[in-house]
Each structure stands twice: as structure tokens, then as C-alpha cells.
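Close look at the chain arrangement
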Amino acid sequence: MALVSLKLVTIIAEGFLEDKLIREVRRLGAKGYTVTPARGEGSRGVRASEWEGGNIRLECIVSPEVAEKIVKRLAEVYFTNFAVIAYLESVEVVRGDKYT
Amino acid sequence: MALVSLKLVTIIAEGFLEDKLIREVRRLGAKGYTVTPARGEGSRGVRASEWEGGNIRLECIVSPEVAEKIVKRLAEVYFTNFAVIAYLESVEVVRGDKYT
Amino acid sequence: MALVSLKLVTIIAEGFLEDKLIREVRRLGAKGYTVTPARGEGSRGVRASEWEGGNIRLECIVSPEVAEKIVKRLAEVYFTNFAVIAYLESVEVVRGDKYT
Amino acid sequence: MDPLELLRINLLSPAVLAFALGMLATLVKSDLKIPEALYTTLSIYLLLAIGIKGGDALAQTPLSQLWGPALATLALSVVTPLLSYAVLRRRFGVIDAAAIAAHYGSVSAVTFIAATAFMQAASQPVEGYMPALVAILEVPAIVIALLIARRGTGGTGSLGEAVREIFAGKSILLLVGGVVIGALAGEGGMRQIAPVFIDPFRGALVLFLLELGMVAAKRLRDLRKVGAFLIAFGLAMPIVQGALGVWLGTLAGMSVGGAMVLGTMAASASYIAAPAAVRIALPEANPSYYLTASLGITFPFNLTLGIPLYFYFARLLGGG
Amino acid sequence: MDPLELLRINLLSPAVLAFALGMLATLVKSDLKIPEALYTTLSIYLLLAIGIKGGDALAQTPLSQLWGPALATLALSVVTPLLSYAVLRRRFGVIDAAAIAAHYGSVSAVTFIAATAFMQAASQPVEGYMPALVAILEVPAIVIALLIARRGTGGTGSLGEAVREIFAGKSILLLVGGVVIGALAGEGGMRQIAPVFIDPFRGALVLFLLELGMVAAKRLRDLRKVGAFLIAFGLAMPIVQGALGVWLGTLAGMSVGGAMVLGTMAASASYIAAPAAVRIALPEANPSYYLTASLGITFPFNLTLGIPLYFYFARLLGGG
Amino acid sequence: MDPLELLRINLLSPAVLAFALGMLATLVKSDLKIPEALYTTLSIYLLLAIGIKGGDALAQTPLSQLWGPALATLALSVVTPLLSYAVLRRRFGVIDAAAIAAHYGSVSAVTFIAATAFMQAASQPVEGYMPALVAILEVPAIVIALLIARRGTGGTGSLGEAVREIFAGKSILLLVGGVVIGALAGEGGMRQIAPVFIDPFRGALVLFLLELGMVAAKRLRDLRKVGAFLIAFGLAMPIVQGALGVWLGTLAGMSVGGAMVLGTMAASASYIAAPAAVRIALPEANPSYYLTASLGITFPFNLTLGIPLYFYFARLLGGG
Ligand SMILES: Nc1ncnc2c1ncn2[C@@H]1O[C@H](COP(=O)(O)O)[C@@H](O)[C@H]1O
Ligand SMILES: Nc1ncnc2c1ncn2[C@@H]1O[C@H](COP(=O)(O)O)[C@@H](O)[C@H]1O
Ligand SMILES: Nc1ncnc2c1ncn2[C@@H]1O[C@H](COP(=O)(O)O)[C@@H](O)[C@H]1O
Ligand code: NA
Ligand code: NA
Ligand code: NA
């Protein structure tokens, strides 16, 4: 079975950013996404999200180019004012065309 | 400490497939699994799962052979009719024997 | 954009260990953590956690040294008596300094 | 009361207004989110409570009064899916036609509750054993529709599993389980649980409809996808099946209220038992067809216009 | 009743004791965790129930009685945020001052409920239409504060989006939606839903305060961070705004009970609508300032000492 | 009423039937899933409600009537774990024996509620202060069992932490917190919260038992693992401890109803406080032993046969 190597972008952010971030990743070329509820702490400490049901963990499998774009966009717009982190991994998928 | 390299198979699927998929991975040789609730969107759009509480995110740490088998099985039986995706990663674990 | 390579430690454990494990990883040098609710089965079968709301999935992005320390600590203190597993991955992050 | 007055009563009822509020919330992109746990809890609660009320009434109903309405219900559960299927085949393939037919042959518990609430508001008595009929109406239609699809195609899904799924499904399990609990509870037992399973019943419906409104509004976004034919079907078929139900109910000697509720049951489209079974037995069927039709079109129609209409039918036939 | 007796009644009320229990749970690191779904459900329930009760009362209130109190409320919604902002600027930057002012200008639904519960315990009648005033008081203050911040700085967040957020926010949506449902339900409709939306109201408050106590205690840990100035502000400003509210309410011809509740509304600081809006329009503002002040300091103060105090004010002015 | 009649009343009670329904759901692999949030909410609710009811009654009980029953309860909390431990050591190691003994020495709140509900159904009055005794019975047995294990072995877990865990544990916190709230609420306060904390009490139990039935059925799958000895223990020990409890209660001058409920408390095995504490203090202990015994064997036994049996004992001794 042909496995294709792609990038998995994982974004952890305050819950109220969910819709915003989904719009962003879709706009930047993600064909799909998966959200799991999460909670956590980082350098920013207290967060309004404590009020809006914690954090979210947003995953998208995308091409390396799109991954690069997403991380860039996050760094420019979100990292400064919001409790957001993101990391990249390489993953192997079946039906690679589905994601690009 | 001896770290062993194994495969992490992550399956994202409609919630009602949970029991089915768990049976499958166990049958194919997974010694354990972890499920986290999830929601998301992909190419398939609307999904009955909207009714049955969203998607699930099913992880198993397995040997490369078992990983291969699982992905193969998914591609054959599930990908066509169900909202299911899967991806593979390499992970390092302690107590490697535990998983194989 | 400068991407730094770090280690992602994922710990899956019985829910009631959450606070304990968070204290541990923080003590060993993690600057932050993310927890997602989970459920699952492994070699240990039945678990009190069935009572205390399933498992948790605890992620921290840390330096390779800290990752090593965390896994070592888990192997020594937790693996024997508790339903706990852990695995390591390499991830790329922006703002690498944030995590170390 | 004249029809318009009945319509007004229904449209301004807390339940319908809550449904509208839910739709509004989705349309204005509100941050209002009903926790999934609340939605699940309410559906468990409503099914169990319907069953308990029905069982309590059943225990006080002589069997002689039952078999007539029971037969009428069985007849509906056979005729309606076949009817829907025949109509749908003009546009849809075997699989999708059967999948949609399964939904329209079965019954929506919430529509049933709304009908009884409306009857109460119109102070029209209804037979107490109706919930037992809901249980009868729910299953056969789904099985029939699945069998049709099976005959028409190989079908990849497992039928046996689907049937198991239906009977072990939470919908039937809670409904029938509730009937048993209610039938055996006796006066003392009922008094103990009434503050949870009887009194808050209609109020809980309001919360549930708030959520259903949000879901229905999401479905509406797919209207374009499903096409004019399915929209027309989703509006016309309930009227036909509703009239049929009222008529059979009247024949079976039910009261005006009972015939009206049976009609509403026939007109309603399942969205718990049917989707679950169809997803397993007919995975190739497109969910956006059957979910949009049953939830986005037929459910709102019955809730708002259908219910007063079926009451109107019932009074024409039953002369209430 | 003498002031001390009123204080006792309030401090020993189930609601306040539940709040204390919640704080204790956090302080002793109890494994008690309120499921997020329960917290969300209760806040949805309380907002909707307030609205429904208010709408029901509103339907029976001649408009002539309304405009006075409504104007008084509008006045408060303009004056209080400006007042808070002016004070806060002595220590905080434009952004943080405006963010905190938005919270103190708006209103806390739970503090409102606690005030009405207390009035009932003190068997002091309160105008039924108060919830409508809550809806009026909630929004303008937030918008004003955001505008101030916008004038003072470029501001990265989107104001338009924030305003949409406020009106489409669950808090306003459920409150106003509830008012409509309650106003249209009529006697029959209300009777159907009372077992859910009227009777359990105060009991549900107890559960909600258990959770709020746990959250407030977590906030307390940040007290050191926020500094003496903000702590003093969180204790003094409610008294000022409370007195102002009682006075305007009395001027507007409201009863002693009504003026007391309006005062408590003015004294209370929002923690649902305001944080959500501020987070979007002023992301640079530091949440630990506004959340700690409103939840960790002002809310507990109002709940325990403020409420009896404002009642005392109301009786001085209204001579109750 | 003759014993068989009592048995019938108990087995056909909504609570027991709901438990059976839950077991059935698991056995037929139903897709019914109780949201974890609902389960947690119900357990918080039931513990708090027990406490509040008890506190309300306590406030009206002269201390002179209390010390007798309190001493009897304390005696039970010392004797029963030692007894269980002695028996279990014949088969199990120190750790597992102590772990199981901790569960059987402590008390199950739900079994307690079921007993009081049954007494009500049998219209047999019960002392109102019983919940205070539940709080007394819950803790000591666990501590004793842990101490035994500690003496017997090094033990890796932390005892101090475990004891903190017990007292800060949600079970004790809510029970004692509820007692305080109920004791201070007074008539007015109670009237305000009764629609939530008094009336729905037994109905909520039904929902909770639906879930417990599902969990118990899962446990049953482990029966083979745990072996005949533990199964026999799980059936015989409750009878012994139940008789002991009834006897001590009668000696302490409690009514037939009170002695019966105290007996049931003694016979019941904890599944909230004990597992949490044991998991921390004795991590080496095998959960499938203590969870299967307390939840899979003893709980169902008490719920169905035990409760009428202990009532029978109580009437023999108390001559009710
Ligand atoms: N080192 C880390 N490892 C895992 N998750 C983290 C880490 N740092 C931050 N997070 C997550 O990112 C969210 C925002 O982080 P921060 O902006 O640092 O407050 C936190 O609430 C955590 O859920
Ligand atoms: N590119 C993607 N990245 C992350 N998750 C995805 C992606 N595509 C699909 N998914 C997940 O897989 C589920 C099924 O996808 P699909 O079959 O494309 O509808 C969706 O509901 C998402 O949760
Ligand atoms: N092979 C595996 N893959 C994924 N998760 C696992 C695996 N083995 C165990 N787990 C998770 O780790 C938890 C504890 O495992 P155990 O200690 O083997 O019972 C389980 O409840 C699972 O959630
Ligand atoms: Na139908
Ligand atoms: Na205010
Ligand atoms: Na016991």
C-alpha cells in the first residue's frame, strides 16, 4: 500500500479561538481538521479560557508548504496576544491525494 | 534507559465505529489502545456522527508489521464508505516488549 | 521562520494520577503541558480509573534532556504499579526558547 | 377552537419558541453550545420518561382496548416505508431511497411528545398507552426498509448486526425498559419518581428543542445539496402519512386526541434509531439526504404546522 | 429586621454556604470536580430561566411602569464604566483599564439571582420585570469600554466582531430569548414548564455556586499578582456603584426591593459576556486582572456582604 | 407484610428495575452510554442531597438521642474491617486483603439511599439523622485497613496522602458540607431548595442505578478472574455485617427502620471513597478484586435481596 509522507500540524489554543483557527487553516489550504478538547498550562498562566471550557487541540494533516504557511500565520497573528502553541510532525498516510 | 522504536497508528473515525475499530486493531495484533473524543470535518462533510457524538481519535502503539496490517485493513474495508482517516508515526517507548 | 526540533513526551495514565504527573513533569523541567481526556485498555485490564473518569493523555514539549528525565522517572516510579505508558516523538516548534 | 387559534397556541408554545431560538442561535453564529452530555442526558431522560408514563397507563388499560390501536400502528409501520420508498425511487437509487424510507417509516419520539403537549394545551384527552404504540411503530419500518435495500443490492453492511443494533439500540431499550418500570412501579413507586419523570417532562422538552433547533439549522445549510425533490418530499409525505395515521386511528376506535397523536407519529421521521441502524446496514447511503430531510425539513414542519393540521384532520374524522 | 440579622440570613443561606464549600474544596485540594458540562448546563439554564420568569412578569406589566426603571438602568450602564475607567487609569494602561471597566459596567446574572433570592428570604417584594433590566444593563457598558480602548489605542482585535459577539453571545441570546418565551407562554405554557424553569431555580443556584466557589478560590491564588490597588478597587467600587444603583432605582420610583436589586446589579461585575467580548476586542488585556477582580474579589464580596448592605441602603432611601 | 411481599416490593421498585435495565443494556451490547458528566453530576447531587436532608433533620434532633447510634456506628467502623481482613487473609496477601477490607468496612451511599427508599415504600419510619451516621461510618474503616496494610508491609504508596485524600475526597466533603448546609438552612432555606434537593431525590436514584447497572455488568465479566472465594465472601460478609449492624442499632435504641438502615450501611461496600484512597495508598492492590467484589457482587446483592433481609432481621430483633 502506498504510504505518502505529509506534515501533521498540531495547534493548542484557547477554546474561543476554535472557529477563527479553523477558518484560518482552511483558508491556508487544509482540506480537513480534527479538534479534541484539552486543558493545560503554559507560560501565560491564567486564561479567559478557564471560563470558556479550556483549550482545544487542533490537528490538520497538510502538505509541507501548507504546514509552513499555517505556522507562519500563527506566529505573526496569534502567538503574541493569545495562548497558542503549535508543532509540526512528519506522518505517513494512505490516500495522500485526499489531503492536498 | 533502553528506548525502543515502534509505530503509532492514529485513526480518526465516526464515533459509532469505535467498538468495531477496537475489535479490528486488537484482532490484528494491537496489545492496547487509547481513545480520545474528537470532532472534525473532512472531504465527506455531513456525517451521522453528528448524531452519535462526533468522532473518535484511536491510537495504538504497535510493531511496524501490525501497523502495516491495520492501515491495509482500513483502506480495504472502511475508507470507501465511512468517514475514517489514519496516519502513522514513529515513536520511542520504554518497555518495548509491552506492545508486541 | 526558524523551526526548532524538540521532544514531545506523551503520557497516557489513569485519571487520578493527573495532578501527580503534572507536578512531576513540571519539577523535571517542563515549562507547560496539555491534558486531553482519554479512555483505553492495555495489558492491565480493569482499572480503578473506570471509576474516576477514565484516563488522561498528558503531552509536554520539552528538550531531549528533560524528555529523558521524565521517561526515566516514569519507568522507576509509575510503570510497575500504575496503568501508565509513555512515548517520545520529535517535533518542530516555533519559539523554541519558550519550551526550555 | 378554530384552526388559526390552534396554530397560534402551537407556534407560541415554549417548546416551539425554544426550537426557533435554537435555530436563531445557529444563524447568528452565537457562541451558545449545548454540551453533548446535556443533549445525550435529555434524550435518555425523555425516552425513559415516555416509557414510564406509558407503562403506568398500560397497567391500567384492559387489553381489549389495546389490540385495535396496536394493529393500526403495525399497519402503519408496514405501509409507510413502502409508500416512501416507492415515491423516493423516482429520484434516488435503491440504497438512498431505502435509507430515507427507513426514517419516514419509523417515528420521532420528540415529535410524539410535542403532539401530546399540544393536546394537553388544547385540553384534548389522549389515551395513556400511546407510548407503547411508539415502541411498536419504531422498529418494523426500519427492518422493512433495510430488507428492501438488501434485496435490491448486495449491500456491504451487515443486516443482522443492524437489526441487533435496532433492538439493543438505546431508543428501544429505554422506551421498552421504561414501559416495564412504569407498569410495575405501582402507585407508590410512581409517586416516588414523579418529581423526576413526570412533572419536569415538558420543561425538559424545551431544553431539548433548543438543541434540536441548533442542529436543524445546521442541516438547513445542506438544503441546496439535497435538491427540490427531497424538500417537497419532506413537506408532502408527512401530510399523507399523518392523514393515514389519523384515519387508521379513528377506524381503530381511538379518541380524537389519540388519533391525532397516532397521525403525528406516522407523519414523523425518526432521527435516533433509524440513522444509527442505517449507518451500519447501509453505509453507502448518503447521510446528508436522510438527516437533512428528517431533521431539517420534516421535523420543523411537523413541530410548527403539522401538529395543528393533524389535529384538524382528527376532528374532521372523529368529529371532536 | 436589623442589619446583623439580615447579614446572618444571607451568610447562612444555602447558596452562600455552597459557595464557601466550593472554595473549601479548592483550598483543601479536594478531588471534587464539577463536570464542565454541568457548569455549562447550569449557566444556560439559569440565564434562560431568569429570562422566562422576567418575560412572564413583563407580559403583566403596563409599559408606563417600565420606562422609569429602564432609563435608570441605561444611565447606570453609561456612568459606571466611565467611573471605573477613570479610577483604574490611575494605575493601569488604557487597555487593561478599559477591559476591567467593561466588566464592572456590565452585570453578573448570578449575583442578580442571589439578590432576588435574598429578597425573598427577607420577604421583601421585588418587581417581576427586573430580568428585562438585566438584559438592558448587560450590553452598553461593554461597548462603551471597548470604544474607549479603541480611541485610546489602535487595538489589534476587531471591535465589530466583538459587538456581534456580545449580541449573539449566549448570555444575551438566552436572556432575551427567555423573555420572549416567557412573555408569550401565557398561563398554560408557564404551568407546563414551571417544574423545570421556576421551582428548581434556587436549588440550581446552589449547585452553580458550588462550582463558582471553586473557580473563585483558584482566582484568589492570583491576588498577589494583581496588587493592592485592584483589590481595593474590587471592594470599594461595588459599594459606590451599588449605592448609585439603589439611589437611581429609588428616584425611578421602584420599590425598596426593586431598588436593592438594581443596586446589586450595578455593583456586580460581569463574568460571562464581558470576558468573552474583551478577549476578542482587547486580546492584549491581561485576563488575570479582570477575571481575578470580578470573580475573585467582587463576586464573593457582593454575595456575602454586598447584598445585605445594598438592602440596607435601599431601606434608608426608600424607607422600607 | 410478609417477607415475600417485601421482597416483591423491593425487586419491582423503579430503582431496582433501572439497575436491571442497566445490566441488560451492557449484556446486549446496547449503544446506550451514560455520559460521564451525568454520572458525576448524579453522584455529586446524591451525596450533597443526602447531607442536606440529614443536616436538616440533625438540627431538630436533641444530642441525647444521637450519641448511642453514633457509638454503634463507630463500633461497626472498627469491627467490620478487622473482621473482613481476618477472613480475607485466608486467601489473599496482606495488601489485597486490606484493600478489600477497606471497602467492606466503609459504606456505599447509594445502598444507603436504596434502603431508605425501601423503608419509605414499606411505610416504616426512619430516624432523620442517619446521613450523619453515613459520614461517621465512611472514614475510619478505610484508615484502619490502610494502617493494617502499612504494618504488614512497607507499602510504596503514601498513607498521609491517602488520609488527606479521604477527608478532602468529594464523598466526605459533599456529605459533611451538605449536613452543614442543611443544618443551617432553616425552614425558609429548605423550602427554597427542596424542589432540587428533596423532591427529585428518588427519581435521580433511578437514573444513577441505570448507570451503576451498566458498570456492575461490566464487572461481572471479571467474576471468573476473582475466583469462588471472593464471590462467596461478597455474598456472605454483607449478611454477617448486616446482622451485626441491625443488632448494634437495636441495642443503641434505634427504631426498627433505623436499625434496618444501619444494618444495610454496615453490609454495604464503599465504591467511591475507598477505591480512591486505596488506589493511592495501596497501588499494588489489584483493582479487579475490590471493584468486582464491591460493585459486581455485594452491591447487587444488597440492592435486591439484602435490603429486605436486613429489614426482616430488624423486625425480628426490634419486634416491629
Ligand atoms: N511545553 C508545553 N507542552 C505542552 N503543551 C504546552 C506547552 N506549553 C504550552 N502548552 C499548551 O499551550 C497552551 C498555551 O500556552 P501558553 O501560551 O504558554 O500559555 C497551554 O494552555 C498548554 O495547553
Ligand atoms: N486533513 C485532515 N487533517 C486532520 N483531520 C482530518 C483531515 N481530513 C479529515 N480529517 C478527520 O477525519 C474525519 C473524516 O474525514 P472525511 O472522511 O474526509 O470526512 C473528519 O471528521 C476529521 O475529523
Ligand atoms: N499499545 C497501546 N497503544 C495505545 N495505548 C495504549 C497501549 N497500551 C496501553 N495503552 C494505554 O495506556 C493505558 C494503561 O495501559 P496498561 O498499563 O497496559 O493497562 C491504557 O488504558 C491505554 O489507554
Ligand atoms: Na413515521
Ligand atoms: Na455592574
Ligand atoms: Na460496610
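What you see is a predicted model; the values in this text were computed from it and never measured. (Residues numbered from 1 in each chain as written. Chains lettered and ligands numbered in written order. Predicted model: local features only at pLDDT ≥ 70, side-chain atom pairs only at ≥ 80, totals over all residues. Heavy atoms only, no water.)

A short note on the environment of Gly22(D)
Residues and elements named next belong to chain D. What counts here: Labels follow the DSSP assignment, with helices taken as runs of H or I lasting at least four residues and strands as runs of E lasting at least two, numbered in each case from the N terminus. Working rule for contacts: check all heavy atoms of both residues, and any pair within 4.5 Å makes them a contact.
Mapped onto the elements, Gly-22 comes out in helix α2 (residues 14–27). Distance from Gly-22 to Glu-211, taken between C-alpha atoms, is 6.0 Å for residues 189 residues apart in sequence. Once residues within four sequence positions are removed from consideration, Gly-22 is found in contact with Leu-210, Gly-213 and Met-214.

Concerning the interface of chain B and chain A
Many descriptions give the size of an interface as the accessible area lost when the pieces come together. Keep this limit in mind: Defined in terms of a 1.4 Å probe, buried area is the accessible area two parts forfeit on being brought together, summed over both. The salt bridge definition used is simple: a Lys or Arg side-chain nitrogen within 4 Å of an Asp or Glu carboxyl oxygen. What qualifies as a polar contact is a pair of N or O atoms within 3.5 Å, subject to a donor-acceptor requirement within protein and to the restriction that residues adjacent in sequence count only when both atoms come from side chains. Gly falls in the polar group here, along with every residue not listed as nonpolar (Ala, Val, Leu, Ile, Met, Phe, Trp, Tyr, Cys, Pro) or charged (Asp, Glu, Lys, Arg).
The partner chain A presents 25 residues to the 23 residues of chain B that form the contact. Per-residue buried area on chain B facing chain A is highest for Arg39(B), Glu41(B) and Tyr87(B); these three make up 30% of the total on that side. Our count for the chain B to chain A interface comes out at 4 salt bridges. The partner of Lys7(B) in a salt bridge is Glu92(A), with the nearest N and O atoms 3.4 Å apart. Across the contact surface, chain B and chain A share 10 residue pairs in polar contact (both at pLDDT 80 or more). Secondary structure elements with two or more residues in the side of chain B that touches chain A: β1 (4–14), β2 (33–41), α2 (64–77) and β4 (84–93) of chain B. Of the residues contributing to the side of chain B that touches chain A, the split by class is 11 nonpolar, 4 polar and 8 charged.

Some details on the site of ligand 3
This is how it is decided: Summary of the distance rule: residues count as near a molecule or strand when at least one heavy atom falls within 4 Å of that molecule or strand. For accessible areas, the Shrake-Rupley method is used with a probe of radius 1.4 Å. Any residue's cover is judged against the shown protein chains and nothing else.
Taken together, the neighbourhood of ligand 3 is formed by 19 residues, with Thr34(B), Ile61(B), Lys98(B), Ser43(C) and Asn55(C) sitting nearest. At the site occupied by ligand 3, the surrounding residues belong to chains B and C. Within the backbone of Gly32(B), a nitrogen or oxygen atom sits 3.5 Å from a nitrogen atom of ligand 3. Within the side chain of Thr34(B), an N or O atom sits 2.8 Å from an oxygen atom of ligand 3. Calculation on ligand 3 without its partners gives an accessible area of 480 Å², and the protein chains cover 99% of this total. Listing elements by their share of the shell around ligand 3, those giving two or more residues are β2 and β3 (55–62) of chain B together with β2 (33–41) and β4 (84–93) of chain C. Partitioning the shell around ligand 3 into residue classes produces 8 nonpolar, 6 polar and 5 charged.

Things to note about the layout of surface pockets
Put simply, the rule reads: The rule is simple: put a 1 Å grid over the protein atoms alone, call a set of points where a 1.4 Å probe fits but cannot get out a cavity, call an open set with protein on both sides within 12 Å along at least five of seven lines a pocket, and count a residue as lining if it has an atom within 4 Å of a point. Grid points are joined across faces, edges and corners, and a volume is the space filled by probe spheres set on the points.
In this structure, the second largest pocket encloses a volume near 1000 Å³. The residue inventory of the lining of the second largest pocket, partitioned by class, reads 27 nonpolar, 3 polar and 3 charged.

Notes on the relation of the copies chain B and chain A
Mapping between the two copies of the chain is achieved by a rotation about an axis and a shift along the axis. Operational definition: Copies are brought into register by a least-squares superposition over C-alpha atoms of residues with pLDDT of at least 70 in both.
Note on the copies: chain B fits chain A at an RMSD of 0.0 Å, the axial shift is 0.0 Å, and the rotation between them is 120°. Such values leave the two copies arranged in the relation of a three-fold axis.

Brief notes about the pattern of salt bridges
Taken as a whole, this structure holds 39 salt bridges over all chains when the rule is applied. For Glu5(D), the salt bridge identified is with Arg8(D), shortest N-O distance 3.3 Å. Here Arg8(D) and Glu5(D) lie together in helix α1 (residues 3–11), a separation of 3 residues that amounts to about one turn. Residues joined in a network through salt bridges with shared partners are Arg57(A), Glu59(A), Arg57(B), Glu59(B), Arg57(C) and Glu59(C).

Details of the coordination of the sodium ion (ligand 6)
Expected angles at a metal are 109.5 degrees for tetrahedral coordination by four donors and either 90 or 180 degrees for octahedral coordination by six donors. Residues and elements named next belong to chain F. This is how it is decided: Each metal's donors are the N, O and S atoms found within 2.8 Å of it, except that Na, K and Ca use a 3.2 Å limit; water is left out, so coordination can look incomplete. The buried label goes to any residue with under 20% of its type's maximum accessible area, the exposed label to any with over 50%, and the partly exposed label to all in between, with areas taken from a 1.4 Å probe on protein chains only.
Note on the sodium ion (ligand 6): its protein donors are Tyr-104 (O), Ser-106 (O), Ala-266 (O) and Ser-268 (O). The metal-donor distances range over 2.4 to 2.6 Å. Going along the chain, you hit the donors of the sodium ion (ligand 6) in the pattern Y-x1-S-x159-A-x1-S. Taken together, the positions of Ser-106 in the loop between α5 (94–105) and α6 (109–121) and Ser-268 in the loop between α12 (256–267) and α13 (273–281) put the pair 162 residues apart, joining distant regions of the chain. Ser-268 sits in the buried class, given a relative accessible area of 0%.

Concerning the coordination of the sodium ion (ligand 5)
All names here are of chain E. Listed as protein donors to the sodium ion (ligand 5) are Tyr-104 (O), Ser-106 (O), Ala-266 (O) and Ser-268 (O); their distances from the metal cover 2.4 to 2.6 Å. Written as a sequence motif, the donor arrangement for the sodium ion (ligand 5) is Y-x1-S-x159-A-x1-S. Ser-268 shares its class with Ala-266; the two are buried.

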